[in-house]
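Read off the chains here:
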Amino acid sequence: MASQPTTGLQAGLKNRHLSMIAIGGVIGAGLFVGSSSGIATAGPGILLSYALVGTLVVLVMRMLGEMSVANPTTGSFSAHADRALGRWAGFSIGWLYWFFWVVVLAVEATAGATILEGWIPAVPQWAWALIVMVVLTATNLISVGSYGEFEFWFAGIKVVAISAFVIIGGLAVFGVLPGVDSDKAGLGNLTDHGGFLPNGPGAILTGVLLVVFSFMGSEIATLAAGESEDPQRAVTKSTNSIIWRVGVFYLGSIFVVVTLLPWNDPSIKKDGSYVAALDSLGIAHAGQIMNFIVLTSVLSCLNSGLYTASRMAFSLGQRRDAPKAFARTTSRGVPLTAIVASVVFGFVAVFFNYKFPDSVFLFLVNSSGAVALFVWLVICFSQLRMRKIIERESPEKLVVRMWLYPYLTWATAALIVFVLGYMLTDTEHDGRETVLLSLLVAAVVVVIAVVRQRTGRGSVVISGNRGTGAVDDGDDVNDVVKVS
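Residues numbered from 1 in each chain as written. Predicted model: local features only at pLDDT ≥ 70, side-chain atom pairs only at ≥ 80, totals over all residues. Heavy atoms only, no water.

## So, the environment of Ala84
By the secondary structure assignment, Ala84 is in helix H4 (residues 76-84). Remark: the alpha-carbon pair of Ala84 and Arg387, spanning 303 residues in sequence, is separated by 9.1 Å. If sequence neighbours within four positions are ignored, Ala84 has contacts with Ser382, Arg385, Met386 and Ile389. (Helix = DSSP H or I, 4+ residues; strand = E, 2+ residues; numbered from the N terminus. Contact = heavy atoms within 4.5 Å.)

## Observations concerning helix H15 (residues 360-368)
Those residues of H15 not exposed but buried are Phe361, Leu364, Asn366, Ser367 and Ser368. Buried residues along H15 sit against helix H5 (87-119), helix H14 (336-355), helix H16 (371-393) and helix H18 (431-455). (Buried < 20%, exposed > 50% of the residue type's maximum accessible area, 1.4 Å probe, protein only.)

## Some words on a nonpolar patch on the surface
A cluster of nonpolar side chains, namely Ile167, Leu171, Phe174, Val176 and Leu187, defines an oily patch on the protein surface of about 470 Å² accessible area. Tracing the chain through its elements places Leu187 in the loop between helix H7 (144-173) and helix H8 (202-211). On the basis of relative accessibility, which here comes to 41%, the residue Leu187 falls in the partly exposed class. (Patch = residues over 30% accessible without salt bridge, like charges linked within 9 Å, V, L, I, M, F, W, Y side chains within 5 Å. Areas by Shrake-Rupley, 256 points an atom, 1.4 Å probe, with all protein chains shown as cover. Salt bridge = Lys/Arg side-chain N within 4 Å of Asp/Glu carboxyl O.)

## With respect to helix H2 (residues 29-42)
Along its 14 residues, H2 runs 20 Å from first to last C-alpha, staying within 8% of the 20 Å computed at 1.5 Å per residue. Of all the bends found along H2, the most pronounced is centred on Ser35 and spans about 45°. Within H2, burial applies to Ala29, Leu31, Phe32, Ser35, Ser36, Gly38, Ile39, Thr41 and Ala42. (Expected span 1.5 Å × (residues − 1). Bend = angle between axes of the 7 residues up to and from the residue.)

## As for the packing of helix H3 (residues 46-70) against H8
Between H3 and H8, the shortest axis-to-axis distance is 8 Å and the interhelical angle comes to 60°. In terms of orientation, H3 lies oblique with respect to H8. Relative to H8, H3 is oriented so that their crossing is right-handed. Across the interface between the two elements, Ile46, Leu48, Ser49, Tyr50, Leu52 and Val53 from H3 touch Ala203, Ile204, Leu205, Gly207, Val208 and Val211 from H8. Tallied by class, residues from the contact of H3 with H8 come to 10 nonpolar, two polar and no charged. (Axes fitted to C-alpha atoms, helices over the stretch in contact; angles between N-to-C directions. Parallel < 35°, antiparallel > 145°, perpendicular 65-115°, else oblique. Left-handed = near helix turned anticlockwise from the far one by under 90°. Nonpolar A, V, L, I, M, F, W, Y, C, P; charged D, E, K, R; others polar.)

## What to know about the packing of helix H12 (residues 273-280) against helix H13 (residues 286-318)
Close contact between H12 and H13 brings their axes to 9 Å; oriented N to C, the two are set at 140°. Considered as vectors, H12 and H13 are oriented oblique to each other. Judged by the sense of rotation from one axis to the other, the crossing of H12 with H13 is right-handed. Residues Tyr274, Val275, Leu278 and Asp279 of H12 lie in contact with H13, whose contacting residues are Ala286, Gly287 and Met290.

## A word on the environment of Phe351
Note that Phe351 resides in helix H14. Sequence spacing of Phe351 and Phe361 is 10 residues, and the spatial spacing of their C-alpha atoms is 8.8 Å.

## Brief notes about the packing of aromatic side chains
In this description, an aromatic ring pair is defined by two values, namely the gap between the centres and the angle between the planes. Scanning all chains against the criterion turns up 19 aromatic pairs. Judged by centre distance (4.7 Å) and plane angle (85°), the rings of Phe77 and Tyr97 are edge-to-face. Linking Phe77 in helix H4 with Tyr97 in helix H5, this pair joins segments that are 20 residues apart in sequence. For the pair Phe77 and Tyr97, one class covers both residues: buried. Look at Phe100 and Trp101: their rings are 5.3 Å apart centre to centre, the planes differ by 85°, and that puts the pair in the edge-to-face class. Across this residue pair, the class does not change: Phe100 and Trp101 are buried. (Phe/Tyr/Trp six-rings, centres within 6.5 Å; stacked < 30°, edge-to-face > 60°.)

## Considering the nonpolar core
Counting residues in each nonpolar core, the largest one holds 147 residues, and the members touching the most others are Phe77, Tyr97, Trp101, Val375, Trp376 and Ile416. Per-element accounting of this core gives the leading share, 19 residues, to H5. Those residues in contact with Ile416, other than ones at most four positions away along the chain, are Leu56, Val60, Leu373, Trp376, Leu377 and Cys380. (Core = buried A, V, L, I, M, F, W, Y, C linked by side-chain atoms within 4.5 Å.)

## Regarding the pattern of salt bridges
Per the stated rule, a full pass over the model turns up 11 salt bridges. Between Arg387 and Glu66 there is a salt bridge; the shortest N-O distance is 2.8 Å. Linking Arg387 in helix H16 with Glu66 in helix H3, this pair joins segments that are 321 residues apart in sequence. As far as burial versus exposure is concerned, Arg387 and Glu66 are alike and both buried. In this structure, the salt-bridge partner of Asp321 is Arg452, at a minimum N-O distance of 3.4 Å. In this pair, Asp321 is assigned in the loop between H13 and strand S2 (329-330) and Arg452 in helix H18, connecting sequence segments 131 residues apart. Both residues of the pair, Asp321 and Arg452, count as buried.

## Considering unusual backbone geometry
Tyr405 connects to Pro406 through a cis peptide bond whose omega is 0°. Mapped onto the secondary structure, Pro406 falls in the loop between H16 and helix H17 (407-423). Backbone geometry places Arg320, a non-glycine residue, at a positive phi of 60°. Backbone geometry places Leu404, a non-glycine residue, at a positive phi of 50°. With respect to the helices, strands and loops of the structure, Leu404 is situated in the loop between H16 and H17. For Leu404, a relative accessible area of 63% corresponds to the exposed category.

In C-alpha cells:
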C-alpha cells in the first residue's frame, strides 16, 4: 500500500456520519459505568454536578465551534492554539491530547475484553483485548469512510438505547407506564432520603470531579470535520446541537436514575446505576442488556479514540511537530504511520495494564487524567486571541460566535482553573495525584516545545487548507508558516 507525502486526507465522511459522531461523542462509556459513584457521593445533587460540567462543555464547544467553523482543520484546537498562542502551545496540547487518547485505548480495550470474556470465557481476556484492537485498527486503516460507518452504527445503538431508557424510565416515574410495578419510583426520591443534598453542598464539587471526564469526546466532531463533505456546516450543526445532547443524554438519563430509585439504594452501587434502574422496572436480563450497551460504547470509544489520536498525530506531523512520516497518507487518504504509531502505543499500554496495573499503568492513567481540563483551558485562551485574528483577517467567517465575548470566555476559564484547584484538595478519589502527575507530564512537554521553538526548527509548508493549522484566508496558494 503505497504512501505519499501529501496533505492527503480525503472528504470520506458523509453528513450522516458527522451527525452521529457529534451526537455519540458526548455519550462515553463513563456515563454508564461511572455514574454510580457520583450518585453515591452527591445523592440527587449529582444532577447539579452534571449540569455544571454540561454547561462548561457547552461553553467550551461554542468557543471551539467559532474557531473551527472559520477554519475547519484536522488539528482542531491544537492548530488553533498554534496560531493564536504560539508554536509551543500547539505542540504541547497536541501531544498531550494524543497521549490521553492512546491511554484511553488501553482502558477501553480492557473494559471491552472483560465483558467479552464474561460471555465467552474460553477466550482469555488479553486475547479479547488484542482481537478488539486489531479489528478496529483494520477498520481505521481501510478508509475514513469505514471508520465513519462503524461509528455511525456504534453511536446509533448508544443513542437509541439511552433515548429509550429516558422515555421508558420517565413514563415509569410519572406512573403512566403500563405493565410496570415500580413502588420505589417517583419524584419524591429527589428529597425523601436525606434531602436533595444529603452529603452537603460540597459534594456537588466532588461529583464534578467524578463526572467531568465522562464528557471527553465532545470535540471529536471538530477534528473529523476536516474529512467531511461540508466542514463548515458539520461543525456549525455540531456546535448548535450540543445543548440538547448534553441535556437529554446526561441530565435526562441521570434524572431518570435518581427518580426511579432512592439514591442510597444498595443495588445502585452493587449492580451499577443503569442496571439497577432497569431491574427496578422489571425488565428481564437488565444486566446483559446494559453489558451490550456498555460494550457498544467501549467499541465506539476505541474506534473514535484511535481515529482521534491518529488525526492529531497527522496534524502534528504536518506542522513538523512530529515525525514527517505521520503526515503521509495512503492513496485512500489514510494516515497509515500515524495510525500504526498510535495503536502500537495503545498495545504497549494494554501490556502495562496486565503486567503492572498498580504501577506503570496507574501512572499512565493518572498522568493523562487532567488533560481534558487542560484542553478546555487552552481552547478558552486560544479563542480570546483567535477572535481578534479572524475579525481582522476574515470577519465573514464568524458564522458561529461565542456568547458575551470576552466575559463568558474568561468566566469559563476561571471555572476550569477552579475545578483543577479543587482537585488538588481531593485525596479520596485521587484528584490531587491526577492533577499533579498531569501537570508534571504537561510541564515536560511544554519544556520540550519551548526548547524546540527557541532552537528554530525551520518552516512548515502546508498545501491548501484541508487539515492545516493556518487560518484559511481564502487563497489556495501554499501557506508558509515560519517557525522561529
